[in-house]
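# A structural walkthrough
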Amino acid sequence: FPLGRRAACDIYWHGVSFHDNENIVSGQVNKFPGMVEMLRKINLSRAMRTMQELFPEEYDFYPRSWILPEEYQQFSAQIRMVKEKDTTVSPTFIVKPDGGSQGDGIYLIRDPSDLKLMVGAQPKQAVVQEYIHKPLLIDKLKFDIRLYVLIKSLEPLEIYIAKEGLTRFCTEPYQEPTQKNLSHVFMHLTNYSLNVHSGNFVHSDSQSTGSKRTLSSVLYRLAAKGVDIKRVWSDIIALVIKSVIAVVPELKLHYQADIPPGKPGPTCFQILGFDILLMKNLKPVLLEVNSNPSMRIEHEQEVAPGVSEYVPSPVDEHVKVGVIRDTLRLMDPFNKKPTVNMISHSTQPLL
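The following paragraphs examine the structure supplied in this document. It should be emphasised that the depicted structure is a prediction, and the values quoted were computed from it without experimental measurement.

Rules used in this analysis
Residues numbered from 1 in each chain as written. Predicted model: local features only at pLDDT ≥ 70, side-chain atom pairs only at ≥ 80, totals over all residues. Heavy atoms only, no water. Phe/Tyr/Trp six-rings, centres within 6.5 Å; stacked < 30°, edge-to-face > 60°. Buried < 20%, exposed > 50% of the residue type's maximum accessible area, 1.4 Å probe, protein only. Lys NZ or Arg CZ within 6 Å of the ring centre and 35° of its normal. 1 Å grid on protein atoms, 1.4 Å probe; cavity = no way out; pocket = protein on both sides within 12 Å on 5 of 7 lines; lining within 4 Å. Points joined across faces, edges and corners; volume = space filled by probe spheres on them. Nonpolar A, V, L, I, M, F, W, Y, C, P; charged D, E, K, R; others polar. Helix = DSSP H or I, 4+ residues; strand = E, 2+ residues; numbered from the N terminus. Core = buried A, V, L, I, M, F, W, Y, C linked by side-chain atoms within 4.5 Å. Contact = heavy atoms within 4.5 Å. Pairing = 2+ DSSP bridges.

## Describing the packing of aromatic side chains
The description of an aromatic ring pair rests on the distance of the ring centres and on the angle between the ring planes. This model, assessed by the stated rule, comprises eight aromatic pairs. Seen from their ring centres, Y59 and F61 are 5.5 Å apart, and the 40 degrees between their planes marks the pair as tilted. Owing to a relative accessible area of 0%, Y59 belongs among the buried residues under this scheme. An aromatic cluster is present here, built from W66, F75 and F93 joined pairwise through their rings. Over the aromatic face of Y107 sits the side chain of K116, whose NZ or CZ is 4.1 Å from the ring centroid. Looking at K212, its charged tip hangs above the ring of Y192, at a distance of 3.9 Å from the centre.

## Quick word on empty space enclosed by the protein
This model, assessed by the stated rule, comprises three cavities of 30 Å³ or more. Approximately 80 Å³ is the volume found for the largest cavity. In terms of lining, the largest cavity is formed by Y192, F201, V202, H203, S204, K212, H299, S313, V315 and D316. Counted by class, the lining of the largest cavity contains four nonpolar, four polar and two charged residues. In this structure, the second largest cavity occupies an estimated 50 Å³ of space. Surrounding the second largest cavity, L68, V95, K96, P97, G105, Y107, K116, L117, K124 and A126 form its lining. No other element matches the three residues that strand β4 (residues 93–97) contributes to the lining of the second largest cavity. Partitioned by chemical class, the residues of the lining of the second largest cavity number six nonpolar, one polar and three charged.

## Regarding the nonpolar core
Generally speaking, nonpolar side chains in soluble globular proteins are found buried as a group. Ranked by size, the top nonpolar core spans 57 residues in total, and within it L147, I151 and F274 carry the most contacts. When contributions to this core are tallied by element, the ones reaching two or more residues are α1 (35–38), α2 (41–54), β10 (141–153), β11 (158–162), α6 (215–224), α7 (229–258), β15 (270–278) and β16 (284–290). No other element matches α7, which puts 15 residues into this core. When sequence neighbours within four positions are dropped, the list of residues in contact with I151 reads F32, M35, L157, E158, I159, V244, F269, Q270 and L272.

## What about the sheet that holds strand β2 (residues 28–29)?
Pairing is parallel across the open sheet formed by three strands, whose spatial order is β1-β2-β14. Edge strands, defined here as strands with exactly one partner in the open sheet, are β1 (11–12) and β14 (267–268). As paired strands, β2 and β14 are joined by two bridges and run parallel to one another. What sits directly across from V29, in β14, is C268.

## Focus on the environment of V321
Structurally, V321 is set in helix α8 (residues 314–331). Residue V321 is classed as partly exposed on the basis of its relative accessible area of 40%. Along the backbone, V321 and F32 are 289 residues apart, and their C-alpha atoms lie at a distance of 22 Å. Those residues within four positions of V321 in sequence are excluded, and the remaining contacts are I297 and D316.

## Concerning α6
Those residues of α6 not exposed but buried are L215, S217, V218, L219 and L222. Against β9 (137–138), β10, β12 (166–169), β13 (212–214), α7 and β15 lie the buried residues of α6. Count one or two residues on from α6 and you reach G226, which has phi positive near 95 degrees.

This is the structure we're talking about:
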């Protein structure tokens, strides 16, 4: 209902942020106030760093990061020190614009002098992160996991993790980064929005082949090689819970500012997209968290030169329809015992 409606709704589904519609006074809204801001790359890095200082062993799943331009000097000094200590070491870093999405503006560097710090006269806000050198490969390709996570409430903190997710593959066989191949985005960056433009991208009708596959098909392959999948899952679950815990204090402040306690107002829930990389040793690493993950279940395909049409994507449909269906079942105020394919987690025993 783009113009709103007079009768109250049980559930309001917003486009991008909590403030898409000012007239909601009751019901449940599919966005939290402040979530978009909290999950921008700089704010997420700050929240993670705070937790890394308090609990270094618990938060070792987030790559070392620096915030640009304010931490440019520290970044340069640390890299200089590393190189002076061992002249054979040449670490690689990935630079991500703060407000970027879909792989836009991401690039790799090996030296602070390669940073693009300005856009015209404006300093560029970005995060520079250690590049993960030893990713787990399947079919010689690097891939990442897109996991869908539902925050059902902040107090008490309730988190649900969809058991099925997506795996998104690079379209060029992986090689360790060198000065020569740093610009090979189809080899180093797993973003679907980048790789879909590669000539090697495979749109598959199968859930276990092609450039986008189901998470379960990848886990099945790993299990067949003797990998302890339960251990991988429990590490991923711990990563998700700890990541949410890191941003909850700020989120609560935003929530109370928009919906003060004791005042009538909506309650909130939100689906987040967690992007996770598995290292060769099967340790999961958090790449980023998307506050507005795409729920599109078709892709654009060129059917004739210059003519494109939208074609259903069976993998996206299988995963995303389940995520939306289970979310609505969980949030349905009249459904006391929903049957869902999500894992629920209490956060009590964690820290």
